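Single-letter residue listing:
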Amino acid sequence: MFTKADDRLRRPATPEPERKLGDDGGPGKPDIRKPGGDNELLKRLRKVDPDQAKKYRQRSGQ
Amino acid sequence: MERILAGIETEYGLWIKGRGADSQVDDAMMLVRSYPGEHFASWDYRFESPRADLRGFTVGQLAYDPEDAKFDTGKSRGSDHEVRSDRILPNGARFYNDHGHPEYATPECFESFETALHDYAGQYTVLRAAKVFEREVGREVKVYKNNTDFHGASYGTHESFLVPRSLGFEKIYQSVLPMLVVRQILTGAGKVGSEHGDWVPYQISQRADFFVEPFNTETLYRRPIFNTRDEPHADPDKWIRLHVISGDANMSPDCSSMKLGLVKLALQLAIVGEAPIWKFKNPVDAFKRISRDMTFEFKIELDSGSWTTAYEVFESYFSAAEAVFDLPSLPDQRHPSSIPETPETEIYRDITMARQQLSKLRSDFSAFAKEVDWAAKKVMLEQIVESEGLTWRDHSLQAYDLEYHNVDPDEGLYFALREMGQVDDLGDAEDCLEDFFVGRLDTSRAVPRGIAVKEHKAHLKTASWRSLVFEVDGKAIEIELDPTRTYRRERLQGLDVVSFIQALRG
């Protein structure tokens, strides 16, 4: 649960136990990994199609 | 001070290998229908009035992009209900096809960061549908949370604020417009190049190129900074929905929260008659100039012939709020991962954060870039320009720009920056995302909407922002949801439908 503003400094230091995710028919939690030794940005930049924006055409929305 | 109920509606960009804009309505419709999670599929359209104007009249028809009209020539796609394919979710959100864009409208919330996290969680709802759709059609599918295709088409991220009708158009417009012009500095998503006017390497706002008037009721064409659509999401005698269309789609939930918070600040000052009065010579020109001003001076011409800066405009709102409201002084409000208890604590948090960010913008840009989308993307692109020996006219920069907004956490560049620690993470908020998928934290009227979807689908006939219609013993029963009421989930869950309806009647 979220802490209220004035409770923020009183949060327990130990992490809460992991909860089951993706129940109740909702989407699963995204896998956001923690910073590691590899340069994740460089890895992803190499996979970007440099022509992707050229090919990207949309209808106008609101 | 009364709380202001607000929500965010995001139209997502959709790229499907081998398909184009001419088939986008059909594709978005099928993508939404691919959503595999629990939902209810009967939205109530009775209260929609996109042609009604806050100034008291109704326009005959809304302007339409002539380029899009070509895609629809000779096509028949069925009823509105079929084309939109609404899905109402167990958290009270609405997921549907809007003009060929999968749109996720968050459940309405009283607190800005809570709304922002719903918006963030919504990315995964859209992505989940896209993954299923990708398997079904056997084509690669990408979903982008941005507002431009770099070829002249824009699509929106709108905010809805519940505002007393008694405030009136003039007062709301005068109070809010200056904030809409300057808030992009703290909430813009950033864009490579330009789609109208002189070319620029980079600008702050994704939407600035598309505004042509200070105010009007249009949204698809001839877009205004201040939209006058009068389509209330509650009793129209008491309320209007302020429909803000000039903001960008943010990847950073902190930016989304600030985007709402700054408008709420202007509205709260309007309600007590203390909003600062600014007369900009040309609001549209000011919006565009700020977006393109990489000197960060942000000068704005005034009607009087003199000029001010965006910094002074921001500060005029902040100091007015401090003078008028009894704001708390809390020791640690630097990160909004704690939900404030009152509108006053929310305003205090947003003013404190905004002042810190405006200071960082001028003194420590790398620190500013950790917190604000347009700056984070700019730093990333500068690194690419330098390492790859590119110029800002190289078209590949727009591809990197686009991929910043890819909502797949395994592909999107925003998520890579998060992983690298180059933008702020969500702290403990990340661990609570599941609560936003099912709406466990809300207390607004979205709570009964979500519970009705989850527990009373057999009796629910239609749902909308403002009401639920049930059928019990052959009789239709409509329940108006009070937008100001605090709905306690624990008191509404697990009831039979008759008890549930009685509890909603209060």
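Residues numbered from 1 in each chain as written. Chains lettered and ligands numbered in written order. Predicted model: local features only at pLDDT ≥ 70, side-chain atom pairs only at ≥ 80, totals over all residues. Heavy atoms only, no water.

> What exactly am I supposed to notice about the pairing of strand β17 (residues 475–480) of chain B here?
A regular strand carries its side chains on alternate faces of the sheet. Residues and elements named next belong to chain B. Summarising the sheet, strand β16 (residues 467–472) and β17 pair through 6 bridges and their orientation is antiparallel. Note on β17: the bridge partner recorded for S467 is E480. Linking β16 back to β17 in an antiparallel pair, the connection comprises 2 residues, with D473 at a positive phi of about 50°. (Pairing = 2+ DSSP bridges. Helix = DSSP H or I, 4+ residues; strand = E, 2+ residues; numbered from the N terminus.)

> I tried to follow the pairing of strand β15 (residues 460–463) of chain B on my own but got confused; where do I start?
Residue and element names in this part refer to chain B. Where β15 and β16 come together, 3 bridges link them in antiparallel fashion. Its bridge partner being in β16, T462 is matched across the sheet by V469. Count of turn residues in the β15/β16 antiparallel hairpin: 3 residues.

> In this structure, what is going on with the confidence of the model for chain A? I would like to understand it.
Detail in the predicted coordinates should be disregarded across regions flagged by low pLDDT. Residues and elements named next belong to chain A. Chain-level statistics for chain A give a pLDDT mean of 61 and a share of 39% at 70 or above. In this model residues 1–25 is a low-confidence stretch, pLDDT under 50, and it forms 53 contacts with partners more than four residues away in sequence or in other chains. When the criterion is pLDDT under 50, residues 32–37 qualifies, and its contacts beyond four places in sequence or with other chains add up to 15 contacts. (pLDDT = per-residue confidence, 0-100. Contact = heavy atoms within 4.5 Å.)

> Sorry, what's going on with the sheet that holds strand β12 (residues 239–244) of chain B here?
Two modes of strand pairing occur in sheets, parallel and antiparallel, and in both the strands are linked by backbone hydrogen bonds. Residues and elements named next belong to chain B. Read from one edge of the open sheet, 6 strands run β3-β4-β5-β1-β7-β12, paired in antiparallel fashion. One side of each edge strand has no neighbouring strand; the edge strands of this open sheet are β3 (87–88) and β12. In the packing of helix α1 (residues 24–33) onto the sheet, contacts are made with β3, β4 (94–98) and β5 (101–105), and the angle to β4 comes to roughly 160°. (Axes fitted to C-alpha atoms, helices over the stretch in contact; angles between N-to-C directions.)

> Before we go on, may I ask you to explain helix α12 (residues 373–388) of chain B in this structure?
A turn of α-helix holds 3.6 residues, and therefore any two residues three or four places apart point the same way. Residue and element names in this part refer to chain B. The end-to-end C-alpha distance of α12 is 22 Å, a good match for the 22 Å that 16 residues give at a rise of 1.5 Å each. Here α12 has its buried residues at D373, W374, A375, A376, K377, K378, M380, L381, I384 and V385. Phi turns positive one or two residues past the end of α12, at G389, with a value near 65°. (Expected span 1.5 Å × (residues − 1). Buried < 20%, exposed > 50% of the residue type's maximum accessible area, 1.4 Å probe, protein only.)

> What's the story with the packing of aromatic side chains in this structure? I'm lost.
Where two aromatic rings form a pair, the distance of their centres and the angle of their planes describe that pair. Residues and elements named next belong to chain B. By the definition in use, this model includes 22 aromatic pairs over all chains. Between F368 and W374 the ring centres are 5.7 Å apart and the planes differ by 65°, which places this aromatic pair in the edge-to-face class. Neither F368 nor W374 differs from the other in exposure class; each is buried. Through a chain of ring-to-ring contacts, three or more aromatic side chains come together here, namely F296, F298, Y311, F365, F368 and W374. Across from the ring centre of W199, 3.8 Å away, lies the NZ or CZ of R393, which sits over that ring. Sitting over the face of the ring of F47, R466 holds its NZ or CZ atom 4.2 Å from the ring centroid. (Phe/Tyr/Trp six-rings, centres within 6.5 Å; stacked < 30°, edge-to-face > 60°. Lys NZ or Arg CZ within 6 Å of the ring centre and 35° of its normal.)

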